[in-house]
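Fold and geometry: a report
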Amino acid sequence: MTRLLPVLAALLLAGPALAQPIHTVGNVTWHPASYAGKTVAMKGYLLRRETGYVIFSDEPRGKLSAHDLPVTGPDIAGLKADQKYLLTGRFVKGGLAAMNHNPYHLVLTEAPKPLSH
């Protein structure tokens with residue numbers, strides 16, 4: 001047990017993204033009531049840029065749908081297309097009139113982290 005304490009402490013200090021499950025964008029947007037009002041970690045691709053927000057999807061390209069996720073936050077300007085990211089933020093309903101008509105969006109609480117494909 002004493003050998004596990006340093007490992008557990010390191011995981012707790014590593015941040016919320018490691019302490020919680022990592023979902024896909026689609027899993028969250030197809031079941032929004034399960035995640036509304038909670039801090040969520042998910043992986044996805046930048047699909048489209050809009051004024052004041054970006055839209056993420058499970059795929060790097062494709063047709064935009066209501067199940068793609070609008071994302072807001074100060075760290076969205078430098079995001080690159082065709083790069084998978086880990087997003088961590090508060091999943092909220094309302095407050096953003098997204099062009100894909102998704103009533104939910106993610107408000108980043110951490111900078112997006114690039115992931116390997």
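Everything that follows concerns the structure shown earlier in this document.
This report concerns the structure included in the present document. Since this is a predicted model, take the numbers as computed values, not measurements. (Residues numbered from 1 in each chain as written. Predicted model: local features only at pLDDT ≥ 70, side-chain atom pairs only at ≥ 80, totals over all residues. Heavy atoms only, no water.)

1. Topic: the environment of A98
Inclusion rule: Counting from the N terminus, the helices are DSSP H or I runs at least four residues long and the strands are E runs at least two residues long.
Here A98 is to be found in the loop between β5 (84-93) and β6 (104-108). In this structure, the C-alpha to C-alpha distance between A98 and V71, residues 27 residues apart in sequence, is 9.5 Å.

2. Here's the deal with the environment of K93
Our working definition: Only heavy atoms enter the contact rule, under which two residues are in contact if any of them lie within 4.5 Å.
Topologically, K93 is positioned in strand β5. Linking K93 and P103, residues 10 residues apart in sequence, is a C-alpha distance of 5.7 Å. Setting aside residues no more than four positions away along its own chain, K93 makes contact with P103 and Y104.

3. Some words on the side chain of S57
Counting through the fold element by element, S57 comes out in strand β3 (residues 53-57). Excluding residues that lie within four positions of it along the chain, S57 makes contacts with V25, G44, Y45, L47 and D68.

4. Observations concerning unusual backbone geometry
Basically, it comes down to this: Throughout, exposure labels follow a simple rule: accessible area from a 1.4 Å probe, protein chains only, divided by the maximum for the residue type, with under 20% read as buried, over 50% as exposed, and the rest as partly exposed.
Of note, the phi angle at D82 is positive, near 60°, even though the residue is not glycine. Even without being glycine, H101 reaches a positive phi, approximately 65°. Position of H101 among the secondary structure elements: in the loop between β5 and β6. Taking the relative accessible area as the measure of exposure, H101 reaches 67% and is therefore exposed.

5. Digging into the nonpolar core
The criterion, for reference: Nonpolar cores were defined as sets of buried Ala, Val, Leu, Ile, Met, Phe, Trp, Tyr and Cys residues, with membership established by side-chain atoms within 4.5 Å.
Core analysis: the largest hydrophobic core is formed by 18 residues, its most contacted members being M42, F56, V71, L87, F91 and L106. For this core, the secondary structure elements donating two or more residues are α3 (25-30), β2 (39-50), β3, β4 (69-72), β5 and β6. With near-sequence residues (within four places) excluded, M42 lies in contact with I22, H23, T24, V25, V28, L69, Y85, L86, L87 and L106.

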